[in-house]
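Summary of structural features
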Amino acid sequence: MASKGSSMSFSRKSYRLTSDAEKSRVTGIVQEKLLNDYLHRIFSSPEHAPTAATSRKPLNFQNLPEHLDQLLHVDNEDEESQGQVEGRLGPSTVVLDHTGGFEGLLLVDDDLLGVIGHSNFGTIRSTTCVYKGKWVYEVLISSQGLMQIGWCTINCRFNQEEGVGDTHNSYAYDGNRVRKWNVTTTNYGKAWAAGDIVSCLIDLDDGTLSFCLNGVSLGTAFENLSRGLGMAYFPAISLSFKESVAFNFGSRPLRYPVAGYRPLQDPPRADLVRAQKLLGCFRAVLSVELDPVEGRLVEKDSSEWQLQGQPTVLLTLAHIFHRFAPLLRKVYLVEAVLMSFLRGVVEAGTPAQAQSMVRQILDLLWLFMEDYEVQDCLKQLMMSLLRLYRFSPIVPDLSLQIHYLRLTIAILRHEKSRKFLLSNVLFDVLRSVVFFYIKSPLRVEEAGLQELIPTTWWPHRSSREGKDSKDVKDETAEEHRRRRAYERGCQRLKKRIEVVEELQVQILKLLLNNKDDNGGEASRYIFLTKFRKFLQENASGRGNMPMLCPPEYMVCFLHRLISALRYYWDEYKASNPRASFSEEAYIPPQVFYNGKVDYFDLQRLGGLLSHLRKTLKDDLASKANILIDPLELQAATMDDLDEDEEPAPAAAQMVGVSDDVNEYAVALRDTEDKLRRCPKRRKDILAELTKSQKVFSEKLDHLSRRLAWVHATVYSQEKMLDIYWLLRVCLRTVEHGDRTGSLFAFMPEFYLSVAINSYSALKNYFGPVHSMEELPGYEETLTRLAAILAKHFADTRIVGTDIRDSLMQALASYVCYPHSLRAVERIPEEQRIAMVRSLLAPYEQRPWAQTNWILVRLWRGCGFGYRYTRLPHLLKTKPEDANLPSLQKPCPSTLLQQHMADLLREGPDVAPSFLNSVLNQLNWAFSEFIGMIQEIQQAAERLERNFVDSRQLKVCATCFDLSVSLLRVLEMTITLVPEIFLDWARPTSEMLLRRLAQLLNQVLNRVTAERNLFDRVVTLRLPGLESVDHYPILVAVTGILVRLLVHGPASGTERATSVLLADPCFQLRSICYLLGQPEPPAPGTVLPAPDRKRFSLQSYTDYISVEELAQVEQMLAHLTSASAQAAAASLPTSEEDLCPICYAHPISAVFQPCGHKSCKACINQHLMNNKDCFFCKATIVSVEDWEKAASTSTTSSAA
């Protein structure tokens, strides 16, 4: 093996240990006196005082083994057997009893020390119990949920409701609820957090039981424990679903040993003494240098030691490691001896010195130990490192995390060790992604955040456009001062965190190293192979659920991976000028279908890969001989680019702290308002309000500091740029893939999903501190994403229902916000028209609700009384999240409305097919809504206590919202293209107008009837039906009627009036209801003031303008007059002459060839969906006017 810093090459076989007398004469061995002094210096016994050189026995390599045996000898009392110890019963190696000592479903780690709850309240105990003496064990809290930790006897019986502490002779501490349990419960201790260490102590001499949290005693928990014959106590735990802990009974050094208490599992004391002595010998080798020329020993700093290849030193080290190697395979000794030594190396010197020293130590391990010994040692070392990094407390300077990461870097810089760990440990045994996570401190005082951020401030609720809801210029001087001080504190915190993040990126750079010195598989290749398997398990969700990487870990890992990837990408660009920068990165579409990259079984846009290869084999063959641009080849070789995108949606999981801040800020403002309004004489109320104010202020101080931590680790400007880069990579990838035509179907779905989720993360989770508008090329990126959504939401090459729904929902959200809607308007005109054309396709056989929602958003702000963000009746209730798309201020698009109008006028079939589907869906949605509220009303009237299914309430509210949105789309259509309904020269206009009138009358009659079903359900105000009210549906209907009867041309108004009045369901009373009048007013009279107890549009002056109210009054007057005239002019009609279908209109059409008759309205509506006769089911060939049937055979309309 070649040693760094030396030109020599060492073979392990050259230094095997023998008793050959000739060994002393090997070339390079120093003279006897110097060798004697050197060996005595290295192998001196620390227990004995140094003796004079003349009295010491001469040492050489022949008698050194005997000397070492004496040096490492341990007294009999120290070298205890691993058998039974007084006061303890059970195996000497203490683990969890996974064979019979458990209740419920639990997942136990391979080492039988870690456990995860997988049922309601599972319980498990250890294999060893104690009945005498003082004992302790430690529990590492991996999650901070509901758990009860303590002791129980073998006679305790547990179930899914009762665990440790809920029965006699079982005792527990619960840091989640901060209580102690023994049948009854009382307050005890303090709250624990993930990463805390709970020490469980039992003193069976005094009969007491106590607990410590992170080495701090919580006091005696229980006294007078039952002792005596048959009473022995097992360590035990009960934990709820998905909670997890790790036990340490003594197999590893206790983190917080307690004087006088003994761990349940004895440490290997004899081996520990030997290991510490051997480590002392090794330290001596590092601090002493031989000077054969002068014949003396030279003391020097161990950090300056270099392996020079001197045979004397090598043989000395060989003797040390001959005895040290077996010890370094044991977990306890690796953590207690080797880890402590390496930590000291890292903490004592500079990073460069520490890395050089650790590299040489690893060289010696591989040189003098067998491979399997080194591998076991490294495995235990990395497991200890990961555990210590993950669960070490957050101290103000993050020194603990920094030291562990530096030690990890030093180990990974050693090539042979790095390759072994990559191949066998980092992904196979460990969840190594933990190294890239920076946990959030739950106790801000321990993390030093109070000193780092002395002044707190909390942002106001931000809008989705990234701007604060309260303008900065409206801040008071005090608020401005606090905000600036808070921002300075956040910057100080960010600088400390950046040190840790840079170390994490260095680890990934080492793992992605592609220039290893000693040949073989490159580290990058090994890493990518393992990483792909890791991604496969996590992306598909098919792996073992408890072993899947948590989202918060994935988010941090994603950012470090992007940093390392871009570093290597731009490094490659520096040496290859023709290559592209990482800013221009994308995935060449060829890799989706040429088999270069295995995408596992991830769904493709066009469906299953096997199906695509069969159906598109001709297209694949045509692409087989096409040369790929060298720049694309370079991009394709960066295999890790397409691997890092799946975790992006996980950013949404980390926004809880911000929501908490907003809730407490609202509560604090409400409390301060109450304090100002409270009379001074009510001192009792003032005291309570002051107390509440203090609690809310303290909580906000705590949360604002935690929010600073979250912003620094997850939502910083750098993290925002990472997600933005990822978004742009996906956009370029989709754009290049789209150019391949039919082969676009081979693209995996997750590229589109990541683009959508990345944009959502940028829009939703980085404000108000950072805004999307600050990003370079923001407007262009919005436009490119808009073009992709507009083109592909109805792309026939995309067949997956989930991704099609995601695209539709993304487009629906996109048109809710002004900036993104303007981006849609900036895409090329032909793409805008194609998008609107897709939106106007018939609603059947596709997700029409989302389509309708998009059209409504384009209209909102232009309709009658349609300028609200929250419904009027909900203003006094608890406000929802103002960032919801449905609560954004109206931002209509007149440009897209014009495209819609042009398309509806374009062809004879576009408008009828679209409007027929809208009317069909309106009929269905409103009918379903009425049916559901009937069931709800019946349930509410039953005498017995009953509950309405919340899902039924949700579906009912959804049907109501759909009805309102469909009415708004009809209002938009009538406003933009009134001739579709009013120009009867069009063959379908009359039929569409009659259907519309019929539905409008049905809606009005159901909603406006006195003390009707709708009124009663609205009065109930059931949770889930908050949106159901008179206002939204009645103003939508009113808007349609006003457009037809007031704004239209005279001829159109006359036709609309006649059709509306001719409908048998028309009731003038329903129109009067809109203005709060029970009956139609007499002609020429002034409308009376509305009754406050009745619904009236006049009560909503903040939402309905004076002009709109005047139009409603004009409409009512017109209909009143027209209704009176129609009643006077109507003639009685024989029943035989009425349409046998509707009995509302006279017969006006005859069907050919069967000869059956009906009115035109009924047969035209029927022929939209069916060609068979109502009565005989014969196929209708033509429909003729009934009046002309006897004299001519002219066809009036074709079927």
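Residues numbered from 1 in each chain as written. Predicted model: local features only at pLDDT ≥ 70, side-chain atom pairs only at ≥ 80, totals over all residues. Heavy atoms only, no water.

1. So, the overall build of the protein
Check the secondary structure of the protein and you find 36 helices and 23 strands. Of all 1199 residues assigned to the protein, the portion counted as buried reaches 52%. Long-range contacts, defined as pairs at least 24 residues apart, comprise 72% of the intrachain contacts of the protein with a sequence gap of at least 6. Carbon and sulfur atoms make up 51% of the accessible area of the protein, which amounts to about 54,000 Å² in all. (Helix = DSSP H or I, 4+ residues; strand = E, 2+ residues; numbered from the N terminus. Buried < 20%, exposed > 50% of the residue type's maximum accessible area, 1.4 Å probe, protein only. Contact = heavy atoms within 4.5 Å. Areas by Shrake-Rupley, 256 points an atom, 1.4 Å probe, with all protein chains shown as cover.)

2. Notes on the packing of helix α11 (residues 477-511) against helix α18 (residues 683-713)
Their axes nearest at 9 Å, the elements α11 and α18 cross at an angle of 45°. If you check the angle between α11 and α18, you find them oblique. Like other packed secondary-structure pairs, α11 and α18 cross with a definite hand, here right-handed. Packed against α11, whose contacting residues are Y486, C490, L493, K494, I497 and E501, the element α18 presents S704, L707, A708, W709, A712 and T713 at the interface. A breakdown of the residues in the contact of α11 with α18 according to their chemical character gives eight nonpolar, two polar and two charged. (Axes fitted to C-alpha atoms, helices over the stretch in contact; angles between N-to-C directions. Parallel < 35°, antiparallel > 145°, perpendicular 65-115°, else oblique. Left-handed = near helix turned anticlockwise from the far one by under 90°. Nonpolar A, V, L, I, M, F, W, Y, C, P; charged D, E, K, R; others polar.)

3. Observations regarding the packing of aromatic side chains
Aromatic ring pairs are reported here in terms of the distance separating the ring centres and the angle at which the planes meet. Evaluation of the coordinates by the stated rule reveals 41 aromatic pairs. When the ring of F592 is compared with that of Y599, the centres are 6.0 Å apart and the planes differ by 55°; the resulting orientation is tilted. Per residue, the accessibility class of F592 equals that of Y599, and both read buried. Measuring from ring centre to ring centre gives 5.2 Å for F929 and F960, while their planes differ by 50°; the resulting arrangement is tilted. On the criterion of sequence distance, the pair formed by F929 in helix α27 (residues 910-941) and F960 in helix α28 (residues 950-976) is long-range, its members being 31 residues apart. An aromatic cluster of at least three residues, connected via ring pairs, comprises F427, F436, F527, F531, F534 and F557. When the ring centre of F222 is taken as reference, the NZ or CZ atom of K180 above it lies at 5.4 Å. (Phe/Tyr/Trp six-rings, centres within 6.5 Å; stacked < 30°, edge-to-face > 60°. Lys NZ or Arg CZ within 6 Å of the ring centre and 35° of its normal.)

4. Comments concerning the environment of S217
When you line up the elements, S217 lands in strand β14 (residues 216-222). The spacing of S217 and V258 is 41 residues in sequence and 9.8 Å in space, taken between C-alpha atoms. Among residues more than four places away in sequence, those in contact with S217 are F211 and C212. Side-chain polar atoms of S217 contact the backbone nitrogen of G219, separated by 3.1 Å. (Polar contact = N/O pair within 3.5 Å; in protein donor to acceptor, adjacent residues only side chain to side chain.)

5. Quick word on the side chain of T671
Along the chain, T671 falls in helix α17 (residues 656-677). In this structure T671 comes out as buried when scored by relative accessible area, which is 6%. Here T671 is in contact with L689, S692, Q693 and F696, once residues within four sequence places are set aside.

6. Here's the deal with the packing of helix α20 (residues 750-764) against helix α22 (residues 801-814)
For the pair α20 and α22, interaxial distance at closest approach is 10 Å and the crossing angle is 30°. As summarised for this structure, α20 and α22 are arranged roughly parallel, according to the angle between their axes. By crossing handedness, the relation of α20 to α22 is classed as left-handed. In contact with L752, S753, I756, Y759 and K763 of α20, α22 contributes I803, S806, L807, A810, S813 and Y814.

7. A closer look at helix α25 (residues 848-859)
For α25, built from twelve residues, the straight-helix expectation of 16 Å at 1.5 Å per residue is met to within 8% by its first-to-last C-alpha distance of 17 Å. For α25, the set of buried residues is W848, Q850, T851, N852, I854, L855, V856, R857, L858 and W859. Backbone geometry just downstream of α25 places G861 in the positive-phi region, at approximately 110°. (Expected span 1.5 Å × (residues − 1).)

8. Details of the pattern of salt bridges
Following the criterion strictly, the structure yields 40 salt bridges and no others. Put simply, E735 and R784 hold a salt bridge, and the shortest N to O gap is 2.9 Å. In this pair, E735 sits in helix α19 (residues 717-738) while R784 sits in helix α21 (residues 778-792), placing the two residues 49 residues apart along the sequence. For R784, a relative accessible area of 16% puts it in the buried group. With a closest N to O distance of 3.0 Å, E906 and R837 form a salt bridge. Placement of E906 in helix α26 (residues 894-906) and of R837 in helix α24 (residues 829-839) is noted, with a sequence separation of 69 residues between them. Among the charged side chains, a salt-bridge network with shared partners connects R88, R262, D266 and R269. (Salt bridge = Lys/Arg side-chain N within 4 Å of Asp/Glu carboxyl O.)

9. Quick look at the nonpolar core
Judged by nonpolar contacts, the single largest core of 172 residues is most densely connected at L855, F914, F929 and M1115. It is α28 that contributes the most residues to this core, 14 residues altogether. Core analysis: the next-biggest nonpolar cluster, separate from the first, contains 132 residues, V288, V313, F324 and Y486 among them. (Core = buried A, V, L, I, M, F, W, Y, C linked by side-chain atoms within 4.5 Å.)

10. Overview of the environment of E415
For E415, the position within the fold is in helix α9 (residues 415-424). When the C-alpha atoms of E415 and A522 are compared, they prove to be 9.7 Å apart, with 107 residues separating the residues in sequence. Residue contacts for E415: discarding those within four places in its chain leaves D516, D517, N518 and G519.

11. Some remarks on the pairing of strand β15 (residues 234-240)
Most of β15 is tucked away, with seven of its seven residues classed as buried. Along β15, one buried face is formed by F234, A236, S238 and S240 and the opposite face, lined by P235, I237 and L239, is buried too. Across five bridges, strand β5 (residues 121-125) lies against β15 in antiparallel orientation. Bridge pairing links R125 to A236 in β15. The sheet contact formed by strand β8 (residues 147-152) and β15 spans six bridges and is antiparallel. What sits directly across from G150, in β15, is A236. (Pairing = 2+ DSSP bridges.)

12. Side note on α26
Since there are 3.6 residues in each turn of an α-helix, residues three or four apart along the chain are aligned in direction. Between its first and last C-alpha, α26 extends 18 Å over 13 residues, near the 18 Å set by a 1.5 Å rise per residue. Of all the positions in α26, only L896, Q897, H899, M900, A901, L903 and L904 are classed as buried. Buried residues in α26 make contact with α23 (818-826), α24, α25, α27, α28 and α29 (979-982).

13. Structural notes on the sheet that holds strand β2 (residues 102-103)
Strand pairs in the sheet, formed through backbone hydrogen bonds, run parallel or antiparallel to each other. With antiparallel pairing, seven strands are arranged side by side in an open sheet as β2-β5-β15-β8-β9-β10-β11. Two strands in the sheet have a free side with no partner beyond their single neighbour: β2 and β11 (184-187).

14. Quick notes on the confidence of the model for the protein
In this model, the protein carries an average pLDDT of 82, and 85% of its residues clear a pLDDT of 70 or more. Predicted confidence is poor over residues 626-654, with pLDDT under 50, and the contacts of this stretch with residues over four places away or in other chains come to 79 contacts. Every residue in residues 1188-1199 scores below 50 in pLDDT, and together they form 16 contacts with partners more than four places removed in sequence or on other chains. (pLDDT = per-residue confidence, 0-100.)

15. Comments concerning unusual backbone geometry
Of note, the bond from Q1152 into P1153 is cis; its omega dihedral lies within 30 degrees of zero at 15°. Position of P1153 relative to the elements: it lies in the loop between β20 (1149-1152) and β21 (1157-1158). The phi dihedral of V178 falls on the positive side, at around 55°, and the residue is not glycine. Residue placement: V178 occurs in the loop between β9 (170-174) and β10 (179-182). Exposure remark for V178: the relative accessible area of 24% places this residue in the partly exposed category. In this structure, N224 is a non-glycine residue whose phi angle is positive, near 55°. On the secondary structure map, N224 appears in the loop between β14 and β15. Classification of N224 as exposed rests on a relative accessible area of 69%.

16. Some remarks on the pairing of strand β7 (residues 134-141)
The side chains of a regular strand alternate, residue by residue, between the two faces of the sheet. In terms of burial, β7 is largely enclosed, as seven of its eight residues are buried. Of the strand pairs in this sheet, β7 and strand β12 (residues 197-203) are connected by seven bridges, and their pairing is antiparallel. Its bridge partner lying in β12, Y137 is registered against C200. The pairing of β7 with strand β17 (residues 262-263) spans two bridges and is parallel. From the neighbouring strand, V136 faces β17, where its bridge partner is P263.

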